[in-house]
Amino acid sequence: MAEHSDPRDEVVEHLSAMRAFAMSLTRNSALADDMVQDALVKAWSKIDSYQPGTNMRAWLFTILRNTYYSHHRKARREVADVDGEMAAALSQKPDHDGRLQMRDFNHAFEQLKDEQREALILVGAGGFSYEEAAQTCGVAIGTIKSRVNRARKQLVEMLQMSDDEVLEATDVVTTTIVSDNKNVA
Amino acid sequence: MTQDRRNSNLEEAIEANLKRVYEDVANQDVPDRFKDLLNKLRESEQTEKTEPENNDG
């Protein structure tokens, strides 16, 4: 009766990370938490498929993302992006660089494909190696690498544009000269 | 500012924001509903296992 070795006891240690990953995928806190709940029930019932000693977080994230792709992706498209709107409303003052960047970033991040977003968040924020991310997403390491690279490139491109807009807007405000410069381009 | 310089600043900002998106949630307290759920799952299992197997041997 080695009750302490029940891998299910470890699940609780990954709840925060599961919520963070779910939120990265759905960009909606209510959906994210529903998704975590579904994934927990599933994980509990199929704990036999977990091999003790292997990466439990990766195993849980696999269940989580499968839950997302089979049930929640559609819902994500249907619900209004309440969190995003709130975040935008909260950070509307363009007087704080960090905040402004974050709003722009969130907007750009949401434009990425789901597969790119998850690869990027696993590797760029979740501390997953390419190999762990590949295992979690059920694809080859090369696929993860190219998704991450493309996602980064797209973010740079999108944020470059918004950066230019910001600079333009700042110029207009500071100089109060609304010229016809735009027409030149 | 040169384009390269701007890009590397942008790349740094992207990495920082990525971490922030994730860590903002990861650092929150986990709502009770999840711990409650885990407790319920455990309880329902124990009631199912009214006849434990004694096949140690």
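Residues numbered from 1 in each chain as written. Chains lettered and ligands numbered in written order. Predicted model: local features only at pLDDT ≥ 70, side-chain atom pairs only at ≥ 80, totals over all residues.

Each helix and strand in chain B was counted, giving 2 helices and 0 strands. The buried share of chain B, reckoned over its 57 residues, is 14%. (Helix = DSSP H or I, 4+ residues; strand = E, 2+ residues; numbered from the N terminus. Buried ≥ 20, exposed ≤ 12 C-beta atoms within 10 Å, placed from the backbone.)

By a widespread convention, an interface's size corresponds to the accessible area lost as its parts come together. On the chain A side, the residues contacting the 21 residues of chain B number 29 residues. For the side of chain B that touches chain A, the secondary-structure elements that each account for two or more residues are helix H1 (3-26) and helix H2 (32-48) of chain B. Looking at the side of chain B that touches chain A, the element that brings in the most residues is H1 of chain B, giving 15 residues. For the side of chain B that touches chain A, the residue count by class is 13 nonpolar, 2 polar and 6 charged. (Contact = placed C-beta atoms within 7 Å. Nonpolar A, V, L, I, M, F, W, Y, C, P; charged D, E, K, R; others polar.)

Looking now at the packing of helix H1 (residues 15-26) of chain A against helix H2 (residues 29-45) of chain A. All names here are of chain A. It is at 8 Å that the axes of H1 and H2 come closest, and there the two elements cross at 130°. Judged by the angle between their axes, H1 and H2 are oblique. Between H1 and H2 lies a crossing whose hand is right-handed. On H2, the residues that touch Met18, Arg19, Ala22, Met23 and Thr26 of H1 are Ser29, Leu31, Ala32, Asp33, Met35, Val36 and Ala39. (Axes fitted to C-alpha atoms, helices over the stretch in contact; angles between N-to-C directions. Parallel < 35°, antiparallel > 145°, perpendicular 65-115°, else oblique. Left-handed = near helix turned anticlockwise from the far one by under 90°.)

Residues and elements named next belong to chain A. Between its terminal C-alpha atoms H1 stretches 16 Å, which fits the 16 Å expected from 12 residues at 1.5 Å a residue. Of all 12 residues that make up H1, 9 are buried, and the element is covered over most of its length. All buried positions along H1 are accounted for by Met18, Arg19, Ala20, Phe21, Ala22, Met23, Ser24, Leu25 and Thr26. Looking one or two residues beyond H1, the residue adopting positive phi is Arg27, at roughly 60°. (Expected span 1.5 Å × (residues − 1).)

With that settled, consider the confidence of the model for chain A. Residue and element names in this part refer to chain A. Confidence in the prediction for chain A averages 82 pLDDT; 71% of positions are at 70 or higher. Highest mean pLDDT in chain A belongs to helix H7 (residues 130-137) (97); lowest belongs to helix H9 (residues 181-184) (45). Between residues 174-185, whose pLDDT stays under 50, and residues either more than four places distant or in other chains, the model counts 1 contact. (pLDDT = per-residue confidence, 0-100.)

Turning next to the nonpolar core. Ala22, Ala39, Leu60 and Leu64 of chain A are the most contacted members of the largest nonpolar core, which totals 47 residues. Elements represented by at least two residues in this core include exactly H1, H2, helix H3 (56-78), helix H5 (97-111), helix H6 (114-124), H7 and helix H8 (141-175) of chain A together with H1 of chain B. Split by domain, this core shows at least three residues from each of two domains, domain 1 (11-79) and domain 2 (81-173) of chain A. Excluding anything up to four places from it in sequence, Leu64 of chain A contacts Met18, Phe21, Ala22, Met35, Val36 and Ala39 of chain A. (Core = buried A, V, L, I, M, F, W, Y, C linked by C-beta atoms within 7 Å. Domains from an automatic or database assignment.)

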